[in-house]
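# Structural overview
Single-letter residue listing:
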Amino acid sequence: MPFGAQILIALVVGVVLGVLARGMGEDSWLTATLSGVGSTFVQLLRVAVPPLVFTAIVVSIAQLRQVTNAARLATRTLLWFGITSLIAVTIGIGLGLVTNPGRGVVLDAGAAEAPDTQGSWTDFLSSLIPANVLGASANDSGSLSFNVLQIVVLAIVVGAAALKVGEKAEPFLAFTRSALAIVQKVLWWIIRLAPIGTVGLLGNAVASYGWNLLGPLATFTAAVYIGCAIVLFGVYPLLAWAHGLNPLKFFTGAWPAIQLAFVSRSSVGTMPLTQRVTEQNLGVPREYAWFAVPIGATTKMDGCAAIYPALAAIFVAQVFGVQLDVADYLLIVFVSVVGSAATAGLTGAVVMLTLTLSTLGLPLAGVGLLLAIDPILDMMRTATNVAGQALVPTIVAKREGILDLDRYRAPRGADPLRDEPAPAPQQPAGHAVPA
């Protein structure tokens, strides 16, 4: 059965089981089972993130020497990341001004508490410097957590150093390529569990969030989904069409990754599948796709870092009775375009939201009002993120004349999770190929 069909069936089963679990009560065995299955799947994705990001970026930078005008490709990729983020945050601000998501909301704002995880410009800048070679830190429970942004910085430095060293670095690069292949294989096994994870994640979401919780935030929730939908199904197709690309072909090619992003809520966890569809379905050269997609998975966040913080800032300001002016909206734009790397590609956008609120001088306790429904919002935000991470490399490759248009236009139907064929064995020199 095709991967996309498996996900669709899992979505239906998850909703049905979620409705049953909600009828049985929040403390029922079914709710606990769905929660356990979903959290286990997300945890499996998180385990693979640190080695995946490090090896993928080191290998991608090493492969850039095989690409003509690599510096220009990298610059244009980052430029288009900024352009699409600017469009997305503008749409978010516009929706916020039209819908007024915080007006008339009846919530106990005084009882809201600031989240444990907060972001500031100082923290963001200091987080660029790795604390150790693993980018790891111990939390209060004694377990290790990984700062993906630090891993990205470390990988970029190591990859650039390997390029500078030249031939002496080949054994290290060969080892890194082998490690990447192993990590990706393990992650493919995890991704194949996505239908089971989907049942748990969506079922738990349906069981946990009733109208009594979503009701007061219905306008805000609808605005986030509408804003992401405008970018996903409006802006992205227009950008593809403006570059002479069939928008329908883009969606049919990128859809497996968009689906997985919706249910997993992790751009980095979806990264191998995003790489695969960007290369095999959309026709982006491997050497460039393996650079652009990992960078995008950690910094390209139109949903989490543009639309959502813009709407959330307006919501918090209205709930607490703070009047925003033009300068505040310009600050929202600046934070969204420049500070999007603070989200680091993991589930949730709390760090980016607290960074935005602290820049505007709004109460960080306002984040507490939105944390309850964050998983529901994060599904659509992450799907939008991943679609943008696949679109930008496709656009840049088309503009640079390196996009395989035959592959882009080819009929879909191949399983994106299939194993890549092994290269054909080469004949020894001097031996004729038998007829």
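Here the structure is a predicted model, which is why all the values come from computation and not from measurement.

### Examining the overall build of the chain
The helix and strand tally for the chain stands at 18 helices and two strands. Taken over 435 residues, the chain has a buried fraction of 52%. In the chain, once contacts between residues fewer than 6 apart in sequence are set aside, the share between residues at least 24 apart is 83%. Accessible surface for the chain amounts to roughly 18800 Å². Of this, 65% is attributable to carbon and sulfur atoms.

### So, the confidence of the model for the chain
Overall, the predicted model of the chain reaches an average pLDDT of 80, with 79% of residues at or above 70. Element-level pLDDT for the chain is lowest in strand 1 (residues 136–138), with a mean of 54, against a maximum mean of 93 in helix 9 (residues 218–242). Note on residues 421–435: pLDDT under 50 across the span, and one contact to partners over four residues away in sequence or across chains.

### Some words on the environment of isoleucine 7
Following the sequence through the fold, isoleucine 7 ends up in helix 1 (residues 3–24). Residues isoleucine 7 and glutamine 259, 252 residues apart in the sequence, show an inter-C-alpha distance of 7.3 Å. Contact partners of isoleucine 7, with chain neighbours within four places excluded, come to Ala194, Pro195, Thr198 and Gln259.

### Quick word on the environment of glutamate 287
Structurally, the position occupied by glutamate 287 is in helix 12 (residues 286–299). Judged by its relative accessible area of 25%, glutamate 287 is partly exposed.

### Digging into helix 14 (residues 326–338)
The end-to-end C-alpha separation of helix 14 is 18 Å, in line with the 18 Å expected for 13 residues at 1.5 Å each. Among the residues of helix 14, those classed as buried are Asp328, Tyr329, Ile332, Val333, Val335 and Ser336. Seen from one end, helix 14 has its buried residues packed into an arc of 170 degrees, which puts them on one side. The exposed set on the far side of helix 14, more than 90 degrees from its buried face, consists of Val326 and Leu330. Taking the backbone nitrogen of alanine 327 as reference, a side-chain oxygen 3.2 Å away marks aspartate 325 as the first, capping residue of helix 14.

### Digging into unusual backbone geometry
Even without being glycine, asparagine 100 reaches a positive phi, approximately 45 degrees. Along the chain, asparagine 100 turns up in the loop between helix 3 (70–99) and helix 4 (121–126). Positive phi values are uncommon outside glycine, yet arginine 265 reaches one of about 60 degrees. Counting through the fold element by element, arginine 265 comes out in the loop between helix 10 (247–264) and helix 11 (267–280).

### Focus: the pattern of salt bridges
Under the definition given, this model contains six salt bridges. Residue glutamate 400 is joined to arginine 72 by a salt bridge in which the shortest nitrogen-to-oxygen separation is 2.7 Å. Placement of glutamate 400 in the loop between helix 17 (374–399) and helix 18 (405–409) and of arginine 72 in helix 3 is noted, with a sequence separation of 328 residues between them. In this structure, the salt-bridge partner of glutamate 400 is arginine 76, at a minimum N-O distance of 2.6 Å. Taken together, the positions of glutamate 400 in the loop between helix 17 and helix 18 and arginine 76 in helix 3 put the pair 324 residues apart, joining distant regions of the chain. Residue classification places glutamate 400 among the buried positions, given a relative accessible area of 17%. A relative accessible area of 29% means that arginine 76 is categorised as partly exposed.

Definitions and cut-offs
Residues numbered from 1 in each chain as written. Predicted model: local features only at pLDDT ≥ 70, side-chain atom pairs only at ≥ 80, totals over all residues. Heavy atoms only, no water. Helix = DSSP H or I, 4+ residues; strand = E, 2+ residues; numbered from the N terminus. Buried < 20%, exposed > 50% of the residue type's maximum accessible area, 1.4 Å probe, protein only. Contact = heavy atoms within 4.5 Å. Areas by Shrake-Rupley, 256 points an atom, 1.4 Å probe, with all protein chains shown as cover. pLDDT = per-residue confidence, 0-100. Expected span 1.5 Å × (residues − 1). Arc of directions from axis to C-beta. Polar contact = N/O pair within 3.5 Å; in protein donor to acceptor, adjacent residues only side chain to side chain. Salt bridge = Lys/Arg side-chain N within 4 Å of Asp/Glu carboxyl O.

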